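# Summary of the model geometry
One letter stands for each residue in the lines below.
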Amino acid sequence: MNPTEAIATTEASGDTVPSPWVVRAAWRELSDTTSLEIAPADGSTPRFQPGQFSMLYMPGIGDIPVSVSAYSDDGKALVHTVREVGAVSAALCAMKAGDWLGVRGPFGNGWPVDAAADRDLIVIAGGLGLAPVRPAIQQAIDDSGRGGKTVVFYGSRSPSALLFRDDLLQWAVSGVAEVRTTVDRAEPGWRGNVGLVTSILDRAAFDAESAVAFVCGPEVMMRFAVFDLLSRGLSADRIFLSLERNMHCGIGLCGHCQLGPKFICTDGPVFPYSEISDLLTVRGL
Amino acid sequence: MQEATASQVSLTARHIDGLIEALREDGYTVVGPTVADSAIVYDEIASTADLPEGWTDMQQPGKYRLSRRDDRALFGYAVGPHSWKKYLFPSSLKLWSTERAEDGALKIEAGPEEVPKYAFIGVRGCEMAAIRVQDRVFAGGRHHDSDYMTRRESAFIVAVNCGQAAETCFCTSMGTGPAVESGYDIALTELLDEAEPRYVAEAETSIGAAYLQRLGAADATAQDAEAAQQVVEKTVASITKELDTDGIKEMLYGSREDNRWDDVASRCLSCTNCTMVCPTCFCHSVTETSDLQMSSFEHTRQWDSCFSMEFTYVAGGVVRDTTRSRYRQWLTHKLGSWIDQFGTSGCVGCGRCIAWCPVGIDITEEAAALRKSHESSPKEVEDAT
Ligand SMILES: Cc1cc2nc3c(=O)[nH]c(=O)nc-3n(C[C@H](O)[C@H](O)[C@H](O)COP(=O)(O)OP(=O)(O)OC[C@H]3O[C@@H](n4cnc5c(N)ncnc54)[C@H](O)[C@@H]3O)c2cc1C
Ligand code: SF4
Ligand code: SF4
Ligand code: FES
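Residues numbered from 1 in each chain as written. Chains lettered and ligands numbered in written order. Predicted model: local features only at pLDDT ≥ 70, side-chain atom pairs only at ≥ 80, totals over all residues. Heavy atoms only, no water.

Tallying secondary structure elements over chain A gives six helices and 15 strands in all. For 285 residues, the compact-globule formula gives about 19 Å, and the C-alpha radius of gyration of chain A, at 19 Å, lands near that figure. Looking at chain A as a whole, 56% of its 285 residues qualify as buried. Counting only contacts in chain A whose residues sit at least 6 apart along the sequence, the fraction spanning at least 24 positions is 68%. By element, 50% of the accessible surface of chain A is carried by carbon and sulfur atoms, the whole surface being about 11200 Å². One finds the centroid of the 23 positive side-chain charges in chain A at a distance of 6 Å from the centroid of its 32 negative side-chain charges. (Helix = DSSP H or I, 4+ residues; strand = E, 2+ residues; numbered from the N terminus. Rg over C-alpha atoms; globule rule 2.2 N^0.38 Å. Buried < 20%, exposed > 50% of the residue type's maximum accessible area, 1.4 Å probe, protein only. Contact = heavy atoms within 4.5 Å. Areas by Shrake-Rupley, 256 points an atom, 1.4 Å probe, with all protein chains shown as cover. Lys, Arg positive; Asp, Glu negative; His and termini not counted. Charge placed at Lys NZ, Arg CZ, Asp CG, Glu CD.)

Structure representation (structure tokens):
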């Protein structure tokens, strides 16, 4: 073998070194969750596929993977929705319009929205898991030529932890998607469902035999959702999950995100269940 | 390699000094084996006087020690705790630096200043193979490590066909040695049949050939070429450690719940030694540092290990939270999933992880035990009937 056979030539910039971006707007979504509308400082127009993530870099603190949760209305900025859980995410949540940050990406594959072109699209999301699938739901809804319907099942801890209420309401009211929500714990005034997201899958009709499902949320929740979908007759290669692992590079070099032979950052984060079923069922892989 | 006989030349230690000098004159930082802290390590060298002349190493699971040879061999030992990855994939590297202006604007600049141009003296077959493995990791995928590629492309490689293997070597099982397969500029075979060692040298690249020509050495005699071949054959015959690679990926994928992982976990200290000495391990972590004014920042990368607890930390917990799960990840990755990821085994059979494991865990023994258990597992029996 030629020693340099494996060595390819060029290097896309923005992959290994962050580009400066600026916050155009920041708003609280929930008590611990903030959305940031950010745009490249050089005025270029960002592109992404629903399901992809960026590495958001706070100088002096670090960089973390965060999914793109929407395009801005003018298409010139990307929205990221961050929950405060530690050092970097807390710093991101404290950002204001006009602040600068570094961005690498977008990385990873995306949700295969086209696979649902003529099929019902079932989205099952838990908690913050609605953020990475929101752009896929939006794309499916915007595709006027689509055959199947769109059903969104969404569960959160409590009514006050329901993310993107305006979108959920707008989708439901305008009839572009059927929306079913549930909470683990009710609060005064809540008249909706209480229980796990899998407990409300009967609340909307869909063609299970042919449907495509996008599942995103805590891994335990996804596991339950998958078993439920399988038992309803969905085929394992049409159930897609977005996985989360520790990530330091986002580009297949640091080794942190491995799950068996998969690099979550470059082979995923979205996988058909058929590709990872044997991996997800082993503890501590 | 025999077919290149015509271009084989015969060198002495003085010629190798000439080569080192020529490389240094041409701006190469010449690095090679040298004795330090009771081990043969890789460091900058100025001449053959810095090489471990007359030294050899005794290696066993959990053991490494130097002893004297009764000849003046410059390359009469196997591999030590260092590997060339410390030059191509430095243990710590600045990835970028950031300046924040008064108005908050950021300026972010790529990585390290200048990358040295290295010449490696004494790269073994398994080590050449390890470099080719890391080529696939850092330069063969969708995203590239440009620092690695710059270092790699400018490196000049003087390889050595092994005349002495250690007890821990199993390159023959991995198809990586003891002869250097390809990828070098010049390869040497050390002949020790006279008081003065001689070297049969051949070039694989035109730049290697040009350096050999500059040395003005005579062509190797047919006898010396033949003797060089025998050196390698003798080394092959001396290697006893084995690893059965037949269907190993499937075997390991089928062994995820094997009890052997608990057995090895009861011995493994999760110390990370095996991953630090391994010439193919590439895992790393990043850290961010800042000055006191919080206006300039550096993002650096350091070698990390799948044996460290925080490696798989996600808010809410650690994914591989037991030594069992971490050792399983390491061995299964090395010998199995690496093949799916990079089209090659992640192990080149150098034996470093065996010698430098403080409790003497032997990857070949663990793999053999897993295979034995796999082959006698109830599922297999069922399948067979
Ligand atoms: C593909 C992907 C998409 C994600 N999308 C979002 C999103 O849209 N919104 C959001 O709020 N969060 C998202 N996360 C999770 C987010 O990356 C973590 O919450 C974040 O890394 C925590 O960093 P921290 O510094 O605030 O916390 P700390 O607890 O201080 O974390 C320390 C370090 O551990 C690692 N780490 C900790 N938790 C995680 C985690 N869950 N995933 C990966 N690395 C982790 C990071 O390297 C982090 O810097 C995503 C994660 C992945 C892998
Ligand atoms: S796993 Fe052990 S024997 Fe194999 S290449 Fe790494 S250090 Fe050498
Ligand atoms: S196998 Fe040995 S060297 Fe590797 S982490 Fe365990 S104790 Fe350390
Ligand atoms: S995040 Fe570094 S390899 Fe995937």
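From this point, the narrative continues.
Turning our eyes to something else, we now look at the sheet that holds strand 7 (residues 121-126) of chain A. Residues and elements named next belong to chain A. One open sheet holds the seven strands; their spatial order is 10-9-8-7-11-12-15, and the pairing between them is mixed. Single-partner strands in this sheet number two, and they are strand 10 (193-194) and strand 15 (270-272). Inspection of the sheet shows strand 11 (residues 212-216) paired to strand 12 (residues 239-242) by three bridges, in the parallel sense. By the bridge assignment for strand 12, Val215 is matched with Leu241. Together, strand 8 (150-156) and strand 9 (178-183) form the strand contacts of helix 3 (residues 165-174), whose direction differs from that of strand 9 by roughly 140°. (Pairing = 2+ DSSP bridges. Axes fitted to C-alpha atoms, helices over the stretch in contact; angles between N-to-C directions.)

This part covers helix 6 (residues 273-280) of chain A. All names here are of chain A. Three or more residues of helix 6 are buried, namely Tyr273, Ile276, Leu279 and Leu280. The arc that holds every buried residue of helix 6, seen down its axis, measures 120°, which confines them to one face. Buried-residue contacts for helix 6 involve helix 4 (219-231), strand 12, strand 13 (258-259), strand 14 (262-263) and strand 15. (Arc of directions from axis to C-beta.)

Moving on: the sheet that holds strand 1 (residues 19-30) of chain A. Neighbouring strands of a sheet are bound in pairs by backbone hydrogen bonds; such pairs are parallel or else antiparallel. Residues and elements named next belong to chain A. The sheet built from six strands closes into a barrel, its strands ordered 1-2-5-4-3-6 with antiparallel pairing. Direction aside, the axes of adjacent strands within the sheet are offset by 45° on average. Of the strand pairs in this sheet, strand 3 (residues 53-58) and strand 4 (residues 62-71) are connected by six bridges, and their pairing is antiparallel. Paired with Leu56 across the two strands is Ile64, which belongs to strand 4. Packing against the sheet, helix 2 (residues 130-142) makes contact with strand 4 and strand 5 (78-83), and its axis sits at approximately 35° to strand 4.

Accessible area lost upon the coming together of the parts serves often as the stated size of an interface. All names here are of chain B. Parsing chain B into structural domains produces domain 1 (8-89 + 114-238) and domain 2 (248-281 + 307-376). At the interface, 29 residues of domain 1 touch 27 residues of domain 2. Here domain 1 meets domain 2 over a buried area of about 2100 Å², counting both sides, of which 65% is carbon and sulfur. Applying the counting criterion to the domain 1 and domain 2 interface returns one salt bridge. The salt bridge involving Arg352 is made with Glu127; its shortest N-O contact spans 2.5 Å. In this assembly, domain 1 and domain 2 are joined by 15 residue pairs in polar contact (both at pLDDT 80 or more). Contributions of two or more residues to the side of domain 1 that touches domain 2 are made by strand 3 (39-44), strand 4 (55-60), strand 5 (63-68), helix 3 (125-139) and helix 5 (171-174). Broken down by element, the side of domain 1 that touches domain 2 gets its largest block of residues, eight residues, from helix 3. Here the residues of the side of domain 1 that touches domain 2 are counted per class, giving 16 nonpolar, nine polar and four charged. (Domains from an automatic or database assignment. Buried area = accessible area lost by both parts, 1.4 Å probe. Salt bridge = Lys/Arg side-chain N within 4 Å of Asp/Glu carboxyl O. Polar contact = N/O pair within 3.5 Å; in protein donor to acceptor, adjacent residues only side chain to side chain. Nonpolar A, V, L, I, M, F, W, Y, C, P; charged D, E, K, R; others polar.)

Moving on: the packing of helix 1 (residues 13-25) of chain B against helix 6 (residues 206-215) of chain B. Residues and elements named next belong to chain B. Look at helix 1 against helix 6: their axes get within 10 Å of each other, and the N-to-C directions meet at 120°. When the interaxial angle is binned, helix 1 and helix 6 end up oblique. Here helix 1 runs over helix 6; the crossing is right-handed. Mapping the contact onto sequence places His15, Gly18, Leu19, Ala22, Leu23 and Glu25 in helix 1 and Tyr211, Arg214 and Leu215 in helix 6. The residue inventory of the contact of helix 1 with helix 6, partitioned by class, reads five nonpolar, two polar and two charged. (Parallel < 35°, antiparallel > 145°, perpendicular 65-115°, else oblique. Left-handed = near helix turned anticlockwise from the far one by under 90°.)

All names here are of chain A. The residue Ile141 is located in helix 2 in this model. Between the alpha carbons of Ile141 and Pro218 there is a distance of 25 Å; along the sequence they are 77 residues apart. Beyond its immediate sequence surroundings of up to four residues, Ile141 is in contact with Trp171, Val176 and Ala177.

This part is about the site of ligand 3. Lining the immediate surroundings of ligand 3 are Cys268, Leu269, Ser270, Cys271, Thr272, Asn273, Cys274, Phe307, Tyr327, Cys357, Pro358 and Ile361 of chain B. The class makeup of the residues in the shell around ligand 3 is nine nonpolar, three polar and no charged. (Near = heavy atom within 4 Å.)

All names here are of chain A. Once the domains are mapped, chain A shows domain 1 (3-106) and domain 2 (113-281). On a C-alpha basis, the centres of domain 1 and domain 2 stand 22 Å from each other. Counting residues at the interface gives 22 residues for domain 1, matched by 20 residues for domain 2. Interface of domain 1 and domain 2: buried area, both sides summed, is about 1600 Å²; carbon and sulfur atoms make up 64% of it. At the boundary of domain 1 and domain 2, one finds zero salt bridges. Linking domain 1 to domain 2 there are two residue pairs in polar contact (both at pLDDT 80 or more). Counting residues per element, the ones that place at least two in the side of domain 1 that touches domain 2 are strand 1, strand 2 (33-40), strand 3, strand 4 and strand 5. Examining the composition of the side of domain 1 that touches domain 2, we find that six residues originate from one element, strand 4, more than from any other.

To continue, consider the confidence of the model for chain B. All names here are of chain B. Mean pLDDT over chain B stands at 94; residues scoring 70 or higher make up 96%. Note on residues 1-6: pLDDT is under 50 here. Beyond four places in sequence and across chains, it has nine contacts. Note on the complex model: pTM 0.93, ipTM 0.92. (pLDDT = per-residue confidence, 0-100.)

With that settled, the discussion passes to the packing of aromatic side chains. By the definition in use, this model includes 27 aromatic pairs over all chains. Measuring from ring centre to ring centre gives 6.0 Å for Phe89 of chain B and Trp303 of chain B, while their planes differ by 25°; the resulting arrangement is stacked. In this pair, Phe89 of chain B is assigned in the loop between helix 2 (85-88) and strand 6 (92-100) and Trp303 of chain B in strand 13 (residues 296-303), connecting sequence segments 214 residues apart. Joined through ring pairs, the aromatic side chains of Phe263 of chain A together with Phe89, Phe138, Tyr148, Phe282, Trp303, Trp338 and Phe342 of chain B make up one cluster. Over the ring of Phe164 of chain A we find Arg134 of chain A, and its NZ or CZ is 3.6 Å from the ring centre. (Phe/Tyr/Trp six-rings, centres within 6.5 Å; stacked < 30°, edge-to-face > 60°. Lys NZ or Arg CZ within 6 Å of the ring centre and 35° of its normal.)

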